[in-house]
Amino acid sequence: MRWLAVLCVSCTSAAATDPDTGRPDSAARDAAVDAASDEDASFLVADTPFARVDNGLDWLQWNETYPVPCYLTLSSGCAAMLFTGGVAIRDVDLDGDLDVYATRMDETDILFVNDGSGQFTEATPAGLGEVWLSNGAAFADADNDGDPDLLVGSVGEEQFYFYVNNGRGEFQETAGLRGIAAEDSWKHATMSLCWGDYNLDGNLDAHTTEWRPPNFEVGTSHNSLFENRGGGFFRDRTEDLGVSMLNVGRGGAYGFTSHLIDIDGNRYPELLVAADYGSSRLFWNDEGTFMDGTVAAGVGTDENGMGSAIGDLDGDGMLEWFVTAVYGNPCEEGEQCRWGSSGNRAYAYEGDRVFSDQTDAMGLRVGDWGWGAHFFDFDLDGDLDVVATSGMPEDYLFPTPRVRLWRNDDGVFTDVAEELGIRDDDMGRAVVPFDADGDGDEDLLVTHTLGRPTFWQNNATEDRAWLVVQPRGTQSNRDGVGAVVRVWATEDAAPMLRHAGNGCGFLGHTPGTPHFGLGEVEVAHRVEVYWPLSDQTQIFEDVPARQVFEVVEPE
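Residues numbered from 1 in each chain as written. Predicted model: local features only at pLDDT ≥ 70, side-chain atom pairs only at ≥ 80, totals over all residues. Heavy atoms only, no water.

(A) Inspection of the state of the cysteines at higher detail. Going through the model one piece at a time under the given rule, you end up with two disulfides. In this model Cys70 forms its disulfide with Cys78; the gap between the sulfur atoms is 2.1 Å. Residues Cys70 and Cys78 are joined through a disulfide that is left-handed, its torsion about the S-S bond being -85 degrees. Across the pair, Cys78 and Cys70 agree in class, each one buried. With a sulfur-sulfur separation of 2.1 Å, Cys194 is cross-linked through a disulfide to Cys504. Measuring handedness by torsion sign, the sulfur bridge of Cys194 and Cys504 sits at about 80 degrees and is right-handed. Here the residue Cys194 occupies a position in strand 10 (residues 190–196), and Cys504 occupies one in the loop between strand 31 (496–499) and strand 32 (508–509), the gap between them amounting to 310 residues. (Disulfide = S-S within 2.5 Å. Buried < 20%, exposed > 50% of the residue type's maximum accessible area, 1.4 Å probe, protein only. Helix = DSSP H or I, 4+ residues; strand = E, 2+ residues; numbered from the N terminus.)

Here you go:
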């Protein structure tokens, strides 16, 4: 195996290898690993609004140091080795709390099981996580049998891995049998994975993203849309549905993050892909067929789209699409960097399949070298805030990596991360908000390439009220993905909007269960759940706060 130094401008690496496997010799780097384990203990504090705590979520993403080796076919694609650090959230053991699945490079993956109080124990079940070079991962009940299955991608393997849950705590890898392996001679460079029912047939389909330069011998890409034909059996519909990312803007295909969510209100979810080198794309969905509407919609101007999040940031009942990118030009004077420098984008949907660029008006442009992003209501005041990671190696001359948490004040955003206690100087990748300890507010987990994760417990809500609405499909997919939930805190308040299953993000996937901050309101005036497949709306009034409110679709 030939070793290649990845993303290093002026340095070289002589990585020690195991003569039998060709993989890195972990013993040769024990000192480096020990150093990574002893990272700045001063961050472990518990007296800030977001407290960095040790709750058992601890793993080393990759037992390597920069510059890293490359397992990919062509040296031009080796940058993808540093775009790694996946995590997926789900109640895997069906005990009512959220568990954490962590992907790793050169080690098998780990499932951390939650004890209900926010403490985690490593308990990977039989048959799960036996991948050595894994990256993006996402849970979904793909066969509609009531338990979560798992799709995993890799950077260096030659297929996707699909683990089917047998309902008894065991998983079986069946990607090849079920038509979703995408196995070929070109090593995958998978980034993020996303689930959604694009054709409203009641089965969850999968979209996968991949970052890789052109290979004229193979001429394909794993930025793919897999249709679920029923029971968790798939077929690749990328080409015939017109959603290929090949040669968009430049040779190759450079997807990072995708979403399947209805933007224009015609019930069918659009496909949105944040992608590198000016190739981000919006595909409008017309009853199960797609049309590239990127340019006409006024989106895709992000020069290096990476992370992505979608939600109603300004409370007008329509969705915003936030895309992280690269801000600033640290190259020497007169020298042009190899990337764009105009920063993030916040596209606001205006109706009639048109967006406006509200990046500066919202205050969301600057994020350095941005990666993962999610929307969540951290302070339970009823509006969505924005969190994002950043970071590249020092020889890219960018500022020290950091996590930004932008507080939403009537649609204008202010970064309050440091004052809330969120400090982080490792190369962040995924960021996932989820309620780890079951207290009603969402905590934060950040992964780091070549490092260990960081978990912050949310203590910033001042005992404000909350409501979680869990749609459960009968005609629709069992997970309720795609259901549209609106909550009126009071009779005079504007409705808050959430889409069930909207948990796709760069390398970080959550169930996307609709979560609402109610402030001082202990009884929500009205809850409305709309089911796109069955075209039904359910209405509930005077719903008590501080609960998970399950709504079952009428049969």
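Now that the structure has been shown, we can carry on.
(B) Expanded view of the packing of aromatic side chains. Applying the stated criterion across every chain, the model contains 32 aromatic pairs. Ring geometry for Trp59 and Phe112: centres 5.5 Å apart, planes at 35 degrees, overall tilted. In this pair, Trp59 is assigned in the loop between strand 1 (50–52) and strand 2 (87–90) and Phe112 in strand 4 (residues 110–114), connecting sequence segments 53 residues apart. Phe112 matches Trp59 in its accessibility class, with the two residues each being buried. A connected cluster of aromatic rings, assembled from ring pairs, spans Phe83, Trp211, Tyr254, Phe256, Tyr277, Trp371 and Phe506. If you follow Arg250 out to its NZ or CZ, it ends over the ring of Tyr277, 3.9 Å from the centre. (Phe/Tyr/Trp six-rings, centres within 6.5 Å; stacked < 30°, edge-to-face > 60°. Lys NZ or Arg CZ within 6 Å of the ring centre and 35° of its normal.)

(C) Focus on the sheet that holds strand 30 (residues 484–488). As summarised here, the arrangement of the four strands in space is 31-30-34-35, forming an open sheet in which the pairing is antiparallel. The open sheet has two free edges, formed respectively by strand 31 and strand 35 (536–544), since each of these has just one partner strand. Along the sheet, successive strands turn relative to each other by an average axial angle of 20 degrees, direction set aside. Direction of pairing for strand 34 (residues 523–531) relative to strand 35: antiparallel, over a ladder of eight bridges. If you follow Trp531 over to strand 35, its bridge partner there is Gln536. (Pairing = 2+ DSSP bridges. Axes fitted to C-alpha atoms, helices over the stretch in contact; angles between N-to-C directions.)

(D) Looking closely at the pairing of strand 10. Within strand 10, seven of the seven residues are buried, which leaves the element mostly enclosed by the surrounding structure. Bridging between strand 10 and strand 11 (residues 205–212) involves five bridges; their strand directions are antiparallel. When the bridges of strand 11 are listed, Thr190 appears paired with Glu210.

(E) Looking closely at unusual backbone geometry. A cis amide bond links Tyr66 to the next residue, Pro67, at an omega of 0 degrees. Positionally, Pro67 belongs in the loop between strand 1 and strand 2. Although it is not a glycine, Leu450 adopts a positive phi angle of roughly 65 degrees. Within the fold, Leu450 resides in the loop between strand 27 (443–448) and strand 28 (454–458). Backbone geometry places Asp535, a non-glycine residue, at a positive phi of 55 degrees. Summarising the element assignment, Asp535 is placed in the loop between strand 34 and strand 35.

(F) Region of interest: the pattern of salt bridges. The full count for this structure, using the stated rule, is 22 salt bridges. Residue Arg404 pairs with Asp368 through a salt bridge whose shortest N-O separation is 3.2 Å. You can see Arg404 sitting in strand 24 (residues 404–409) and its partner Asp368 sitting in the loop between helix 4 (359–362) and strand 22 (370–376), a full 36 residues away along the chain. Judged by its relative accessible area of 9%, Arg404 falls in the buried class. The exposure class assigned to Asp368 is buried, which follows from its relative accessible area of 9%. (Salt bridge = Lys/Arg side-chain N within 4 Å of Asp/Glu carboxyl O.)

(G) Quick peek at the sheet that holds strand 22. The strand order across the open sheet built from four strands is 22-23-24-25, with neighbouring strands paired in antiparallel fashion. Two strands lie at the open edges of the sheet, namely strand 22 and strand 25 (412–415), each paired on one side alone. Recorded for the sheet is a direction-independent mean angle of 25 degrees between the axes of neighbouring strands. As defined by bridge partners, strand 24 adjoins strand 25 across four bridges and the pair is classed as antiparallel. The partner of Trp406 across the bridge, within strand 25, is Asp415.

(H) The nonpolar core, seen in detail. Counting 48 residues, the largest nonpolar core has Met81, Phe83, Val100, Trp369, Phe434 and Leu445 as the members making the most contacts within it. Contributions of two or more residues to this core are made by strand 2, strand 3 (99–102), strand 4, strand 14 (253–261) and strand 26 (428–434). The element that contributes the greatest number of residues to this core is strand 26, accounting for three residues. Excluding anything up to four places from it in sequence, Val100 contacts Leu57, Val87, Ala88, Ile89, Ile110, Leu111, Phe112, Phe120, Phe434 and Leu445. (Core = buried A, V, L, I, M, F, W, Y, C linked by side-chain atoms within 4.5 Å. Contact = heavy atoms within 4.5 Å.)

(I) Local environment of the environment of Cys337. Relative to the assigned elements, Cys337 resides in the loop between strand 19 (320–323) and strand 20 (345–351). Distance in space between the C-alpha atoms of Cys337 and Tyr396 is 9.6 Å, their sequence separation being 59 residues. If sequence neighbours within four positions are ignored, Cys337 has contacts with Asn329, Pro330 and Cys331.

(J) Main features of the environment of Gln61. Among the secondary structure elements, Gln61 is positioned in the loop between strand 1 and strand 2. For Gln61, a relative accessible area of 1% translates into the label buried. Linking Gln61 and Thr103, residues 42 residues apart in sequence, is a C-alpha distance of 7.1 Å. Not counting residues up to four positions away in its chain, the partners in contact with Gln61 are Thr84, Gly85, Thr103, Arg104, Met105, His448, Thr449, Leu450 and Gly451. A polar side-chain atom of Gln61 sits 3.0 Å from a polar atom in the side chain of Thr84. A distance of 2.8 Å separates a polar side-chain atom of Gln61 from the backbone nitrogen of Leu450. (Polar contact = N/O pair within 3.5 Å; in protein donor to acceptor, adjacent residues only side chain to side chain.)

No statement about biological role is implied by the geometric values presented.
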